[in-house]
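Overview (structure and organization)
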Amino acid sequence: MNPEKIQGKYDQVAGKIKQGVGEAIGNQKLASAGAAEQIKGVAKETWGNAKDTAAAVRDENQIKAEEKNEDLKYRAETTAHNLRDKITTAAQNVKNSVNEKLDDIKREHRS
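Residues numbered from 1 in each chain as written. Predicted model: local features only at pLDDT ≥ 70, side-chain atom pairs only at ≥ 80, totals over all residues. Heavy atoms only, no water.

**Quick notes on a nonpolar patch on the surface**
Residues Val13, Ile17, Val21 and Ile25 make up a contiguous nonpolar surface patch of about 380 Å² in total accessible area. Here Ile25 lies in helix α1 (residues 3-25). Judged by relative accessible area, which is 59%, Ile25 ranks as exposed. (Patch = residues over 30% accessible without salt bridge, like charges linked within 9 Å, V, L, I, M, F, W, Y side chains within 5 Å. Areas by Shrake-Rupley, 256 points an atom, 1.4 Å probe, with all protein chains shown as cover. Salt bridge = Lys/Arg side-chain N within 4 Å of Asp/Glu carboxyl O. Helix = DSSP H or I, 4+ residues; strand = E, 2+ residues; numbered from the N terminus. Buried < 20%, exposed > 50% of the residue type's maximum accessible area, 1.4 Å probe, protein only.)

Given below as structure tokens:
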């Protein structure tokens, strides 16, 4: 629980007490001050709730971003590995093809 929420609850309770005392003794100024303090407490608590919600959303999105980053990293590494395999296989195939042609040329010149 963040400080705004705690302070907000405290202000609401204190305001409720002031309002009750003011009304009990007929002091409208004290009763109104108590009501104002309650309103201030509600605003603080609401602001605290908003901050908690924003932090929770931020944390959740950060986790999702990290998970997506890991997935993208894995996919990039897999793609790079597959591409390297294709390139080295193609190079090996070219080498084999050239060697076959060279062997054919050697055979033709021996005969």
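**So, α1**
Given a rise of 1.5 Å per residue, 23 residues ought to cover 33 Å, and the 33 Å separating the end C-alpha atoms of α1 matches this to within 8%. Residues Lys5, Gly8, Asp11, Ala14, Gly15 and Gly22 constitute the buried set of α1. On the buried face of α1, the contacting elements are α2 (28-110). In this structure Asn2 caps α1, since a side-chain oxygen of it lies 3.1 Å from the backbone nitrogen of Glu4. Just downstream of α1, Gly26 is the residue with a positive phi angle, here 75 degrees. (Expected span 1.5 Å × (residues − 1). Contact = heavy atoms within 4.5 Å. Polar contact = N/O pair within 3.5 Å; in protein donor to acceptor, adjacent residues only side chain to side chain.)

**Description of a negative patch on the surface**
On the surface, Glu66, Glu67, Glu70 and Glu77 cluster together to form a negatively charged patch. Examined against the element boundaries, Glu66 turns out to sit in helix α2. (Lys, Arg positive; Asp, Glu negative; His and termini not counted. Charge placed at Lys NZ, Arg CZ, Asp CG, Glu CD.)

**Section: the pattern of salt bridges**
By the definition in use, this model includes nine salt bridges. Here Lys51 makes a salt bridge to Glu4, at a shortest N to O gap of 2.9 Å. Highlighted residues: Lys51 in helix α2 and Glu4 in helix α1, separated in sequence by 47 residues. By relative accessible area, which is 35% here, Lys51 ends up partly exposed.

**With respect to the side chain of Lys5**
Within the element layout of this structure, Lys5 appears in helix α1. One polar contact links Lys5 to Asn49, side chain to side chain, over a distance of 3.3 Å. In this structure the side chain of Lys5 is engaged in a polar contact, spanning 3.0 Å, whose partner is the side chain of Asp52. Filtering out sequence-adjacent residues up to four positions away, Lys5 remains in contact with Lys44, Glu45, Gly48, Asn49 and Asp52.

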